[in-house]
Amino acid sequence: MVQLDVGDLVVYGNHGIGRVVARRTAIVGGAETETVVVELSDGMTITLALDQARTRLRSPLGPSDIPRVRETLQTESAASSEPWLKRRRAIQARLSEGDPLAIAEIVREGADRQRAKAARSTTLSAGEKALYTRARQLLAGELGVALDLDEAGANAWIDEHALPAELRSGAGAD
């Protein structure tokens, strides 16, 4: 269960990493309710009733989670042939859940699609690139906390681990 003490790091769905900055009692719907105030990494502050906070917030990735994230990034996946709008809805739903492995899947799929498009001298659509970029930012934020890396270091870690096996081992690379 997530700790909700002042100073604790938490993850809030597709908003990413935040820190509990206060616990207060407030009147909500005419009743006195304990609330949790979270300042997110983008500067946004949210206030949640304690019972909502327990269901909507989770602990960030820890060092023991890193092997599962690495495996997710490195697992081969078949490119979806679904139309973009259907893929977009599915990606948005996975982002909203905030599950770090689902976010790692989005990052892997985005990297795979970027490589495939680059091989054909095309690029991702603006919408697809925006969702991929958002997933990457969320994953990098959590990896930064888990591995004690800055943003650049976390992004470098993703780049290193989201490469296909033939490029990771050096085979086929110049």
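Residues numbered from 1 in each chain as written. Predicted model: local features only at pLDDT ≥ 70, side-chain atom pairs only at ≥ 80, totals over all residues. Heavy atoms only, no water.

Brief notes about the side chain of Asp65
Now for step 1: Summarising the element assignment, Asp65 is placed in the loop between strand 5 (57-58) and helix 2 (66-74).
Now for step 2: In this structure the side chain of Asp65 is engaged in a polar contact, spanning 2.7 Å, whose partner is the backbone nitrogen of Gly62. (Helix = DSSP H or I, 4+ residues; strand = E, 2+ residues; numbered from the N terminus. Polar contact = N/O pair within 3.5 Å; in protein donor to acceptor, adjacent residues only side chain to side chain.)

Things to note about the sheet that holds strand 4 (residues 45-49)
Adjacent strands of a sheet pair through backbone hydrogen bonds, lying either parallel or antiparallel.
Now for step 1: Pairing is antiparallel across the open sheet formed by 5 strands, whose spatial order is 4-3-2-1-5. Strands with a single pairing partner mark the edges of an open sheet, and in this sheet they are strand 4 and strand 5.
Now for step 2: Across 2 bridges, the pairing between strand 1 (residues 9-12) and strand 5 is antiparallel. Bridge pairing links Val11 to Arg58 in strand 5.
Now for step 3: The sheet strands contacting helix 5 (residues 126-147) are strand 1, strand 2 (16-28) and strand 5, and the helix crosses strand 2 at an angle near 90°. (Pairing = 2+ DSSP bridges. Contact = heavy atoms within 4.5 Å. Axes fitted to C-alpha atoms, helices over the stretch in contact; angles between N-to-C directions.)

Considering the environment of Leu149
Now for step 1: Residue position: Leu149 is located in the loop between helix 5 and helix 6 (151-161).
Now for step 2: A C-alpha to C-alpha distance of 24 Å links Leu149 and Lys129, two positions 20 residues apart in sequence.
Now for step 3: If we ignore the near neighbours within four places in the chain, the residues touching Leu149 are Gly144, Ala154 and Trp157.

Focus on the confidence of the model for the protein
Now for step 1: Within the protein, residue pLDDT values average 88, and 93% of them lie at 70 or more.
Now for step 2: Within the model, pLDDT remains below 50 along residues 168-174, and this stretch shows 7 contacts once partners closer than five positions in the same chain are excluded. (pLDDT = per-residue confidence, 0-100.)

Regarding the packing of helix 5 against helix 6
Helices that pack against each other are described as a pair by the angle of their axes relative to one another and the distance between those axes.
Now for step 1: Across the interface, helix 5 lies against helix 6 with an axial gap of 8 Å and an inter-helix angle of 110°. In terms of orientation, helix 5 and helix 6 fall into the roughly perpendicular class. Mapping the contact onto sequence places Arg136, Leu139, Ala140, Leu143, Gly144 and Leu147 in helix 5 and Ala154, Asn155, Trp157, Ile158 and Asp159 in helix 6.
Now for step 2: Its residues assigned to classes, the contact of helix 5 with helix 6 shows 7 nonpolar, 2 polar and 2 charged. (Parallel < 35°, antiparallel > 145°, perpendicular 65-115°, else oblique. Nonpolar A, V, L, I, M, F, W, Y, C, P; charged D, E, K, R; others polar.)

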